Amino acid sequence: MKPQPAVESGESRLDRVLGRACDARVWAHQSAAVRIGMAGVWLLLLVHEFWRRERIWGPDAPWSWRLAEHSLDRSHAFSVLRWSSGELWFEVFYVLSAAVAVALLLGWRTRTTSLLFLISVLSLDHRNENALNAGDTIFRITAVYLVFTRCAQVWSLDARRRGRAPDTRDRTGVVLWSVCGLVLAWATLLALLTGGWALLLWGCWAGQALWRGLRGRPGARRTLELIGHLLHNGAVAMMMIQLCLLYGSAGWYKIQGAPWQDGTAVYWSAGLDWLEPYPELSHALSSHALTVLALTYGTVLVQVAFPFSLLDRRVKNVLLALLFAEHIGIGLLLGLPYFSLSMIAADLVFLPTGFLVAAGERVVGLRRRLTGGTGAGGAGGGRPAPDARGAEAGLAARSEERSEEGKGVTPSWRASW
């Protein structure tokens, strides 16, 4: 008789699920791709609008400081630009916002710069919510989730630093976080930062201070690391859920509109004078009825089907490529580049790990050919740091845990407690 396959017990299944949830190497490349994409798009926006910054967000902008203050009072939103109506305050904040975007793009001290990036996005967006064409929504959503992810495990200066000197104390990070604490104390004492936003920012600062203070206590440090892994995976999962809800709701709302039902929505969108950066291209597209019909129905189909495509990896990859093409078309035909780029950057979270690893290796190889040297290895060169070896290493680790479990060894997530 053939031996019957062993039935997996409920406890072992739970161990496998919790082991995956507590493994920070899961989605390491996806979170890094989103970090690079969103920081790059935000930096591009700040540079592009540099000569118009005062008319958009400055103290003397048409949407005046008083109007913005009234709007913030009603919405209870947060903006550092509310702390002062002076020109110098705005200019310093704008330059620092660009510097924070560069630091996050390079993955430098991301535990601090990811929070500063969120403050930058919220402050400029809430200063004038009429400036950005829908791209501000995805900027805000992604910036919030990036704070809770470990988005610098690969393709970052932090990963390179940990790879070269894993046991070295990060004095620069301590100084940077201390300066942030002094700024928070100053804003709190002057009653510039109050209420829920004060509790939130002080909580983030205190949590990081606790993590640094318990560096010499291995047991407590492992527990905090485990909590960090859970937050990382939970934030990436919530980012995916948010995007699925966005596409699903957009598709179903389109179905209810008559122009989308009769296949003419793309035609009317391409004919808007104030959304025609390239009139010749828009007119060439709208002059072909069959193309307009296919694009209209195809847009609805892709957006409605994408959340369900996550059940099949190959279908998901095909629809993801179609979504990229859709956003590129929106940016070119409707003149909404930052909306399109921000959506593409957020959608990078759905890319397969193998594709991202291969893309990173190609970038490293190209850099080495251009520089004519061997280049810097390790995590900074596109490979995961020793403690974040990517999803493949995560699978190997989980397989090892399952084998150890069969021998009576406690799984790593339990050992952390």
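Residues numbered from 1 in each chain as written. Predicted model: local features only at pLDDT ≥ 70, side-chain atom pairs only at ≥ 80, totals over all residues. Heavy atoms only, no water.

Asks: It is not clear to me how helix 7 (residues 135-148) should be interpreted in this structure. Could you clarify?
Replies: An α-helical turn contains 3.6 residues, so a residue and the one three or four places further along point in the same direction. Buried residues of helix 7: Gly135, Asp136, Ile138, Phe139, Ile141, Thr142, Ala143, Tyr145 and Leu146, and no others. Those residues of helix 7 that are buried are in contact with helix 2 (28-48), helix 6 (110-127), helix 11 (218-255) and helix 17 (337-347). (Buried < 20%, exposed > 50% of the residue type's maximum accessible area, 1.4 Å probe, protein only. Helix = DSSP H or I, 4+ residues; strand = E, 2+ residues; numbered from the N terminus. Contact = heavy atoms within 4.5 Å.)

Asks: So what exactly am I meant to see when it comes to the pattern of salt bridges here?
Replies: Close approach of charged atoms lets side chains of opposite charge pair. Going through the model one piece at a time under the given rule, you end up with 10 salt bridges. Across the salt bridge formed by aspartate 73 and arginine 82, the nearest N and O atoms sit 2.1 Å from each other. Where aspartate 136 meets arginine 140, a salt bridge forms, and the shortest distance between an N and an O atom there is 3.5 Å. One end of the pair is aspartate 136 and the other is arginine 140, both in helix 7 and four residues apart, which spans about a single turn. Aspartate 136 gets classed as buried once you look at its relative accessible area, which sits at 8%. Among the ionic contacts, a cluster of salt bridges with common partners joins Arg109, Asp158, Arg161 and Asp170. (Salt bridge = Lys/Arg side-chain N within 4 Å of Asp/Glu carboxyl O.)

Asks: What exactly am I supposed to notice about the packing of aromatic side chains here?
Replies: Aromatic ring pairs are defined here through the distance separating the ring centres and the angle between the ring planes. Scanning the entire structure with this criterion turns up 15 aromatic pairs. Taken together, a centroid distance of 5.7 Å and an interplanar angle of 80 degrees make the contact between tryptophan 202 and tryptophan 205 edge-to-face. Within this pair, tryptophan 202 and its partner tryptophan 205 are both found in helix 10 (residues 195-213), separated by three residues, close to a single helical turn. On the basis of relative accessibility, which here comes to 27%, the residue tryptophan 202 falls in the partly exposed class. Tryptophan 205 gets classed as partly exposed once you look at its relative accessible area, which sits at 24%. Ring centres of tyrosine 247 and phenylalanine 306 lie 5.6 Å apart, and the angle between their planes is 70 degrees; this geometry places the pair in the edge-to-face category. Taken together, the residues span a long stretch of sequence, with tyrosine 247 in helix 11 and phenylalanine 306 in helix 15 (residues 289-309) at a distance of 59 residues. For tyrosine 247, a relative accessible area of 1% translates into the label buried. (Phe/Tyr/Trp six-rings, centres within 6.5 Å; stacked < 30°, edge-to-face > 60°.)

Asks: Quick question: what am I supposed to make of empty space enclosed by the protein here?
Replies: Over the atoms rolls a probe the size of a water molecule, and its path tells where empty space is left. Taken as a whole, this structure holds two cavities of 30 Å³ or more when the rule is applied. Lining the second largest cavity, in full, are Trp57, Gly58, Pro59, Trp65, Leu81, Ser84, Ser85, Gly86, Phe90 and Arg127. Among the residues making up the lining of the second largest cavity, the classes are represented as five nonpolar, four polar and one charged. (1 Å grid on protein atoms, 1.4 Å probe; cavity = no way out; pocket = protein on both sides within 12 Å on 5 of 7 lines; lining within 4 Å. Points joined across faces, edges and corners; volume = space filled by probe spheres on them. Nonpolar A, V, L, I, M, F, W, Y, C, P; charged D, E, K, R; others polar.)

Asks: Explanation requested: a nonpolar patch on the surface in the structure shown.
Replies: There is a patch of nonpolar side chains on the surface, built from Val175, Val179, Val183, Trp186 and Leu190 and spanning about 450 Å² of accessible area. By secondary structure assignment, the location of valine 179 is in helix 9 (residues 171-189). Judged by its relative accessible area of 44%, valine 179 is partly exposed. (Patch = residues over 30% accessible without salt bridge, like charges linked within 9 Å, V, L, I, M, F, W, Y side chains within 5 Å. Areas by Shrake-Rupley, 256 points an atom, 1.4 Å probe, with all protein chains shown as cover.)

Asks: Quick question: what am I supposed to make of the environment of proline 259 here?
Replies: Turning to its location among the elements, proline 259 is positioned in helix 12 (residues 258-261). What makes proline 259 partly exposed here is its relative accessible area of 35%. Discounting residues that sit within four places of it in the chain, proline 259 has contacts with Thr264, Ala265, Trp268 and Thr296.

Asks: Got a minute to help me understand helix 15 in this structure?
Replies: An ideal rise of 1.5 Å per residue puts 30 Å on 21 residues; helix 15 measures up with 29 Å between its terminal C-alpha atoms. Taken as a whole, helix 15 has its buried residues at Val292, Thr296, Thr299, Val300, Val302, Gln303, Val304, Phe306 and Ser309. In this fold, the buried residues of helix 15 make contact with helix 11, helix 12, helix 13 (265-270), helix 14 (279-286) and helix 16 (313-333). (Expected span 1.5 Å × (residues − 1).)

Asks: Is there a simple way to explain the packing of helix 2 against helix 7 in this structure?
Replies: Two quantities define a packed helix pair, namely the angle between the axes and the distance from one axis to the other. With their axes 11 Å apart at the nearest point, helix 2 and helix 7 run at an angle of 135 degrees to one another. Considered as vectors, helix 2 and helix 7 are oriented oblique to each other. Helix 2 and helix 7 meet at a crossing whose hand is left-handed. Facing helix 2, whose interface residues are Ser31, Val34, Arg35, Met38, Val41 and Trp42, helix 7 presents Ile138, Phe139, Thr142 and Leu146. Across the contact of helix 2 with helix 7, the residue classes break down as seven nonpolar, two polar and one charged. (Axes fitted to C-alpha atoms, helices over the stretch in contact; angles between N-to-C directions. Parallel < 35°, antiparallel > 145°, perpendicular 65-115°, else oblique. Left-handed = near helix turned anticlockwise from the far one by under 90°.)

Asks: Would you mind going over the nonpolar core with me for this structure?
Replies: Nonpolar side chains tend toward joint burial in soluble globular proteins. Judged by nonpolar contacts, the single largest core of 68 residues is most densely connected at Trp42, Phe78, Leu193, Val349 and Phe350. For this core, the element with the most residues is helix 2, which contributes 10 residues. For leucine 193, the contacting residues outside a window of four places in its chain are Phe78, Trp83, Leu184, Ala187, Thr188, Ala198 and Leu201. (Core = buried A, V, L, I, M, F, W, Y, C linked by side-chain atoms within 4.5 Å.)

Asks: What's the story with the environment of tryptophan 63 in this structure? I'm lost.
Replies: On the secondary structure map, tryptophan 63 appears in the loop between helix 3 (53-56) and helix 4 (65-75). The class of tryptophan 63 is partly exposed, set by a relative accessible area of 28%. With residues up to four places along the chain from it excluded, the contact list for tryptophan 63 reads Ala68, Ser71, Arg127, Asn128 and Asn130.

Asks: Even after reading the chapter, I still don't get unusual backbone geometry, so can you show me in this structure?
Replies: Among all residues save glycine, negative phi is the norm, and among peptide bonds the norm is trans. Phi at histidine 76 takes a positive value of approximately 60 degrees, unusual for a residue other than glycine. Structurally, histidine 76 can be placed in the loop between helix 4 and helix 5 (87-106). Taking relative accessible area as the criterion, histidine 76 reaches 63% and is therefore assigned exposed. One non-glycine residue with positive phi stands out, namely arginine 109, at about 50 degrees. Overall, the relative accessible area of 11% leaves arginine 109 in the buried class.

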